[in-house]
Amino acid sequence: MFFLALKNILFYKGRSITTFALTFFSTFSFIVYVAMMDGSHNSILHNALKVYVGAIEIYEKGYREIGGNEYLLYNVHKKEEILKNIEGVSSFTSRYETYGLLSSDEYSSAAMVVGINPTKEVQHSQLKNALILGEYLDGSANNCLYVGSDLAKRLHVKLDSKVSFIGSASDNSFAADIFKVCGMFKTGAYEFDSSSAFIDRGYFDTLMLSEDMASYIHVNVTDLSDVDLIQQKIQAALDDPKLEVLTWKTLMASMVEAMKVDSIFGYISISLFFVVIFFVIMIFSFINASSRLREFGTLRAIGLSSANINVLLFYEIFILSTLAIILAAPLGAYVAYYFNANPIIIEGMSETYKEYGIVSDELPLSFDLFTIAWNVGIVYLLNFLSILYPMRFINRFKPLEALKHV
Amino acid sequence: MIRLQNVNKYYYRGEEREVHALKEINLEIKKGEFSLLSGPSGCGKTTLLNAIGALDSIDSGEIYLDDMEISSLSEDARTRLRLNEMGFVFQAYNLIPVLNVEENIGFIMKLRGFDEDVIKARVQELASLLEIDTKLSSLPSTLSGGQQQRVAVARAVAPKPKIILADEPTANLDSKNSKTLMDMMRSLNEKEGISVLFASHDEYVMRYVRRIIEMNDGAIVAK
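None of these values were measured; they are calculated from a predicted model.

(A) Structural detail: the overall build of chain B. Looking only at helices and strands, chain B features seven helices and 10 strands. Within the span of chain B, comprising 223 residues, buried residues form 49% of the whole. Of the contacts formed within chain B by residues at least 6 apart in sequence, a portion of 71% connects residues at least 24 apart.

Laid out in structure tokens, this is it:
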């Protein structure tokens, strides 16, 4: 039967070439399209994680929902010692966030002032790279303030301007100081740039009475795909029911939802494309089967069962699909691999999409063998489904009826 | 070898029986017979041939191949029966267009699981006998009608079935090719001992067969 299928493929060239070409084209484009879609999502995610949010963040329960000094983390150094021994944790840093009033000579604005360890922060965010004016915090525990560019505009301050701060210390006492603007940053995320300012923790802890305290601990992981596993390890190691260990999926839930919606629309688009491909292959198979009805009648008359005919048609589509996929899948995989290693550069993309947190013009394609495997599986499945109607059509005829078909 | 008892077949149009195509057919065809169903067009020759070949159903009666009643078999069993016990020669040759002559002749043997060596030897033997040995690698579309019909005969004969059913095998052939084909079929019948039943009103066929079963209006009028 396999031999006859092979002969049929070589004999009915029009149908074979069409099926081969469509399968090749759909496999290649599906792999590249999904690689591009996943790549852009990965890029958004990595960009977002680079800006400020961590792969994992550790909070006292209630801090994210209610906030305030009642939900600060205590004994941070001890917790950091535990984190050092957890496999998959590449780095961590604690941040002390507080909300207060920043004022220049004439203007005031509510702002989030964050005490950070400037040296460690470099591994955790793009704050240093987002510098546009002045200097990043130098780690010398001084009163230098690193201000978002849009917040600086609101306050009408320049480098070396004095900015007063009024807020509440960790013990709910009144905290006030004068900071000096030493640098300005711009991440592109307007909300962030217009409401955030950073200061060295060495200095800030003295003002806020927040030594060995933090709003949360920001954790980086060696492999983002293991984030859920590492989250569980941290939760188990800290062994404190008052703590919650959250991954980026929770921390950036709205972005995750947006990516899901984008994926759904992406798959709807590709599905429409596949519907067209599916029907074209099916129509060509049907036309071919119709034109061979007498031949099928002969085969049935001389002793082939309808199951044999189904096997014959299955082999035909299997051989054509396999040949096309064998050529298209490695090609698609290579394109995905190449552009994964050498991302596509879209000049100005970061500027256009800065509100989405894109901080790079690079768009790498995702290269994932499992994804490629299911892409190939879908194409196979569609090709096999496309032959069902022609099979049903042929088997509706009795051998004699098929023999008489002209 | 083949025995028909009170076989009736009707063609229906809607709910009503439109045509009584086979009327109380009682017939016996013995092993090695070279016989012909003869009669005017529409008399039921092909219908009877198809019923014997398990290609068509009957409405009543029984058809036996040896001692096996075949008209009541399932579709799958009838398919196996056609494959293992019968050979068919059609008016329009009905060769597999994608297979060359050698592959066409050996096709049924291959389906039945004969060894490649046995198939090859049998194909060579029949091709020589039917004088198509120079065309073994040709596709059917490149052959003349006479050559195609000889390939069809070789395909039917190759696995040595119990009976060959040939429906108007000479209808598309000129007199020379008809004569050649009948010479060859008779020679095969004598050499291989395979029963052959023709349905035809061709005089060449009538001249060659040893028994003529005459039909008229769905009934056998002379055996």
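(B) Region of interest: helix α14 (residues 369-386) of chain A. Residue and element names in this part refer to chain A. Here α14 contains 18 residues, and its C-alpha end-to-end distance of 26 Å stays within 8% of the 26 Å for a straight helix at 1.5 Å per residue. When α14 is considered as a whole, its buried residues turn out to be Ile372, Asn375, Val376, Val379, Asn383 and Ser386. Angularly, the buried residues of α14 cover 95° about the axis, an arc narrow enough to put them on a single face. Facing away from the buried surface of α14 by more than 90 degrees, the exposed residues are Phe370, Ala373 and Gly377.

(C) Representation of the interface of chain B and chain A in the model. Taken together, the contacts link 15 residues of chain B with 11 residues of chain A. Within the residue set of the side of chain B that touches chain A, elements represented by two or more residues are α2 (75-85) and α3 (101-111) of chain B. Top element by residues in the side of chain B that touches chain A is α2(B). It accounts for four residues. In terms of residue class, the side of chain B that touches chain A is built from nine nonpolar, three polar and three charged.

(D) Focus on unusual backbone geometry. All names here are of chain A. With a phi angle near 50°, asparagine 75 is a residue other than glycine that sits in the positive phi range. For asparagine 75, a count of 12 C-beta atoms within 10 Å puts it in the exposed group. Phi at histidine 156 is positive, roughly 55°, even though this residue is not glycine. With respect to the helices and strands, histidine 156 occurs in the loop between α5 (149-155) and β6 (162-168). Look at histidine 156 and you get exposed, because 11 C-beta atoms sit within 10 Å.

(E) Quick peek at the packing of helix α12 (residues 306-341) of chain A against helix α15 (residues 388-395) of chain A. All names here are of chain A. Packing of α12 against α15 leaves a shortest axis separation of 10 Å and a crossing angle of 150°. Comparing the axis directions of α12 and α15 gives the class roughly antiparallel. Crossing of α12 against α15: the hand is right-handed. Of the residues in α15, those in contact with Ser306, Ile309, Asn310 and Leu313 of α12 are Pro390, Met391, Ile394 and Asn395. Considered class by class, the residues forming the contact of α12 with α15 number five nonpolar, three polar and no charged.

(F) Representation of the packing of helix α10 (residues 253-291) of chain A against α15(A). All names here are of chain A. Viewed as axis vectors pointing N to C, α10 and α15 meet at an angle of 20°, and their least axial separation amounts to 8 Å. With respect to α15, the axis of α10 lies roughly parallel. Classified by chirality, the crossing of α15 by α10 is right-handed. Contacts between α10 and α15 involve Met282, Ser285, Phe286 and Ala289 from the former and Tyr389, Pro390, Phe393 and Ile394 from the latter. Considered class by class, the residues forming the contact of α10 with α15 number seven nonpolar, one polar and no charged.

(G) Local environment of the pairing of strand β8 (residues 196-200) of chain A. Residues and elements named next belong to chain A. Judged by how many residues are buried, β8 sits mostly within the fold: five of five residues are covered. The alternating pattern of β8 places Ser196, Phe198 and Asp200 and Ala197 and Ile199 on opposite faces, both of which are buried. Summarising the sheet, strand β3 (residues 108-116) and β8 pair through five bridges and their orientation is parallel. Pairing of valine 113 across the sheet is with alanine 197, part of β8.

(H) Quick look at the confidence of the model for chain B. Residues and elements named next belong to chain B. The predicted model of chain B averages 85 in pLDDT, with 97% of residues at 70 or higher. Ranking the elements of chain B by mean pLDDT puts strand β10 (residues 219-222) last, at 77, and α3 first, at 90. Predicted complex metrics record ipTM = 0.83 and pTM = 0.69.

(I) Up close: the environment of Ala289(A). Residue and element names in this part refer to chain A. Looking at where alanine 289 falls in the secondary structure, it is placed in helix α10. According to the C-beta neighbour criterion, alanine 289 is buried, with 22 such atoms within 10 Å. Residues alanine 289 and isoleucine 387, 98 residues apart in the sequence, show an inter-C-alpha distance of 9.6 Å. Not counting chain neighbours up to four residues away, the residues in contact with alanine 289 comprise Pro390, Phe393 and Ile394.

(J) Structural detail: the pairing of strand β3 (residues 34-38) of chain B. Residue and element names in this part refer to chain B. Of all the five residues making up β3, four are buried; the element is thus mostly covered by neighbouring parts of the structure. Sheet topology note: the β3/strand β8 (residues 195-199) ladder contains four bridges and is parallel. The partner of serine 35 across the bridge, within β8, is leucine 197. As defined by bridge partners, β3 adjoins strand β9 (residues 211-216) across four bridges and the pair is classed as parallel. Opposite serine 35, over in β9, you have arginine 211 as the bridge partner.

How each quantity is defined
- Residues numbered from 1 in each chain as written.
- Chains lettered and ligands numbered in written order.
- Predicted model: local features only at pLDDT ≥ 70, side-chain atom pairs only at ≥ 80, totals over all residues.
- Helix = DSSP H or I, 4+ residues; strand = E, 2+ residues; numbered from the N terminus.
- Buried ≥ 20, exposed ≤ 12 C-beta atoms within 10 Å, placed from the backbone.
- Contact = placed C-beta atoms within 7 Å.
- Expected span 1.5 Å × (residues − 1).
- Arc of directions from axis to C-beta.
- Nonpolar A, V, L, I, M, F, W, Y, C, P; charged D, E, K, R; others polar.
- Axes fitted to C-alpha atoms, helices over the stretch in contact; angles between N-to-C directions.
- Parallel < 35°, antiparallel > 145°, perpendicular 65-115°, else oblique.
- Left-handed = near helix turned anticlockwise from the far one by under 90°.
- Pairing = 2+ DSSP bridges.
- pLDDT = per-residue confidence, 0-100.

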